[in-house]
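# Structural description and commentary
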Amino acid sequence: MQNILITGAGRGLGLALTKRFLEMDYFVIAGYQNLQENLLGLANSYSEQLMIITMDVTNEAEVAKAAAETVNRIGSLDILINNAGIHLEQAYLPLEEIDFNSVLTTFQVNTLGPLRVAKHFCKLLDQGSQKLLVNISSEAGSISDCWRDREYDYCMSKAALNMQSKIMQNYLKPRGIKILDLHPGWMRTEMGGAEADITPEEAAAGIFNLTQTKWRLDDGMYFDYTGKPLSW
Ligand SMILES: NC(=O)c1ccc[n+]([C@@H]2O[C@H](COP(=O)([O-])OP(=O)(O)OC[C@H]3O[C@@H](n4cnc5c(N)ncnc54)[C@H](OP(=O)(O)O)[C@@H]3O)[C@@H](O)[C@H]2O)c1
């Protein structure tokens, strides 16, 4: 059985990904910050296939503990999906009113969160067969296609995540680990809002298909959930 770690699995895209991979017979380690009913329900239905684990991605000790528990339970990882993310209301403030606490908090989750998780879990990917690390990025992280005149925190956190992925790809290439930055589309989640284009289930289906592609280490890295290449 293939296995996968998904962060931010309690709701939104993380929950939809968890369901999708369970349906496709993966063993799923679902990291959560606040435990929610939906995830508990899945844990009951898929007791043999799902391990839920507390993992606030801003807390390195908690991430390290989760990695140690995963080593004990399954010893390897085929796929890691860094999904946890935030987009705070303060991001919409104009230049003159920027709230630096909001900027720093956003970086702690969206950029440094995936870095903490990769730091502690990459040794598990070494032992896996698929060796795929997916960062859920955003079109908002594209510098060349940027059209926004605010949202500094969110856009900069995802652009920095993209750079982080590129550096990490250079480092992990000799170990055969492939890294992807995926834009999940504009989804109807708490973050995306009711007016968004697609459901998180549609995004999760697209992302699942991309994880089943035979990636070569020199292939592109930045795509949307349908596999369309995005420009950095
Ligand atoms: N929605 C969109 O249209 C859209 C577009 C482009 C990219 N994205 C990206 O897609 C990913 C998922 O977004 P979403 O729409 O599903 O968002 P969401 O509905 O707001 O869910 C966010 C998830 O991240 C978790 N999370 C937040 N802070 C965390 C932390 N410190 N540690 C661990 N988990 C944490 C949340 O857990 P709690 O329940 O405990 O808060 C929740 O499970 C994010 O990376 C987002 O940036 C979303």
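Before reading on, note that the structure itself is shown above.
Residues numbered from 1 in each chain as written. Predicted model: local features only at pLDDT ≥ 70, side-chain atom pairs only at ≥ 80, totals over all residues. Heavy atoms only, no water.

Bringing the pairing of strand S1 (residues 3–6) into the picture now. Residue alternation in S1 divides its side chains into two sets, Asn 3 and Leu 5 and Ile 4 and Ile 6, and both sets are buried. Each parallel crossover has a hand, and for S1 linked through helix H1 (residues 12–23) to strand S2 (residues 27–32) it is right-handed. In the sheet, S1 pairs with strand S4 (residues 79–82) via 3 bridges, with the strands oriented parallel. By the bridge assignment, Leu 5 is partnered in S4 with Leu 80. (Buried < 20%, exposed > 50% of the residue type's maximum accessible area, 1.4 Å probe, protein only. Helix = DSSP H or I, 4+ residues; strand = E, 2+ residues; numbered from the N terminus. Right-handed = clockwise from strand over helix to strand, strands pointing away. Pairing = 2+ DSSP bridges.)

This part is about the site of the ligand. Within the structure, the ligand sits among 31 residues, and Arg 11, Gln 36, Asn 83, Tyr 154 and Thr 189 are positioned closest to it. Take Arg 11: an N or O atom from its side chain is 2.7 Å from an oxygen atom of the ligand. Considering the ligand on its own, with 890 Å² of exposed area, one finds that the protein chains cover 94% of that surface. Of the residues that constitute the shell around the ligand, the class distribution is 12 nonpolar, 15 polar and 4 charged. (Near = heavy atom within 4 Å. Polar contact = N/O pair within 3.5 Å; in protein donor to acceptor, adjacent residues only side chain to side chain. Areas by Shrake-Rupley, 256 points an atom, 1.4 Å probe, with all protein chains shown as cover. Nonpolar A, V, L, I, M, F, W, Y, C, P; charged D, E, K, R; others polar.)

Turning to its location among the elements, Thr 111 is positioned in the loop between helix H4 (100–110) and helix H5 (112–127). A polar contact is formed between the side chain of Thr 111 and the backbone oxygen of Ser 157, at a distance of 2.9 Å. Apart from the residues within four sequence positions on either side, Thr 111 is in contact with Thr 106, Ser 157, Ala 160, Leu 161 and Gln 164. (Contact = heavy atoms within 4.5 Å.)

Okay, the environment of Gln 169 next. Among the structural elements, Gln 169 can be located in helix H6 (residues 152–172). A relative accessible area of 5% places Gln 169 in the buried class. Taking C-alpha positions, Gln 169 is 9.4 Å from Asp 218, a pair spaced 49 residues apart along the chain. Setting aside its immediate chain neighbours within four residues, Gln 169 contacts Ile 177, Lys 178, Ile 179, Leu 217 and Met 221.

So, on to H6. With 21 residues, H6 should cover 30 Å at 1.5 Å per step; its first-to-last C-alpha distance of 29 Å lies within 8% of that length. When we look at burial in H6, the residues that qualify are Asp 153, Tyr 154, Cys 155, Ser 157, Lys 158, Leu 161, Asn 162, Gln 164, Ser 165, Met 168, Gln 169 and Leu 172. For H6, the secondary structure elements touched by its buried residues are H4, H5, strand S5 (132–136), strand S6 (178–183) and strand S7 (222–224). (Expected span 1.5 Å × (residues − 1).)

Okay, the packing of aromatic side chains next. Overall, the coordinates contain 5 aromatic pairs when judged by the stated rule. Ring geometry for Phe 21 versus Tyr 26: centroids 5.0 Å apart, planes at 90°, classification edge-to-face. Linked through ring pairs, Phe 21, Tyr 26 and Phe 208 together constitute an aromatic cluster. (Phe/Tyr/Trp six-rings, centres within 6.5 Å; stacked < 30°, edge-to-face > 60°.)

One non-glycine residue, Lys 131, adopts positive backbone phi at about 50°. What makes Lys 131 buried here is its relative accessible area of 18%. A positive phi angle, near 65°, is found at Glu 151, a position not held by glycine. The topology assignment puts Glu 151 in the loop between S5 and H6. Relative accessible area serves as the criterion here: at 10%, Glu 151 is assigned to the buried category.

Attention now moves to the pattern of salt bridges. Note that side chains of opposite charge can pair when their charged atoms are close. Under the defined criterion, the tally for this structure stands at 9 salt bridges. Between Glu 151 and Arg 148 there is a salt bridge whose closest N-O contact spans 3.2 Å. Judged by relative accessible area, which is 18%, Arg 148 ranks as buried. The residue Asp 219 makes a salt bridge to Arg 216 at a minimum N-O spacing of 3.1 Å. (Salt bridge = Lys/Arg side-chain N within 4 Å of Asp/Glu carboxyl O.)

Let us look at the nonpolar core. Phe 21, Val 28 and Ile 81 are the most contacted members of the largest nonpolar core, which has 33 residues in total. One finds Leu 5, Ile 29, Met 51 and Ala 84 within the second-largest nonpolar core, a separate group that totals 25 residues. (Core = buried A, V, L, I, M, F, W, Y, C linked by side-chain atoms within 4.5 Å.)

Read these as spatial facts, not as claims about activity.
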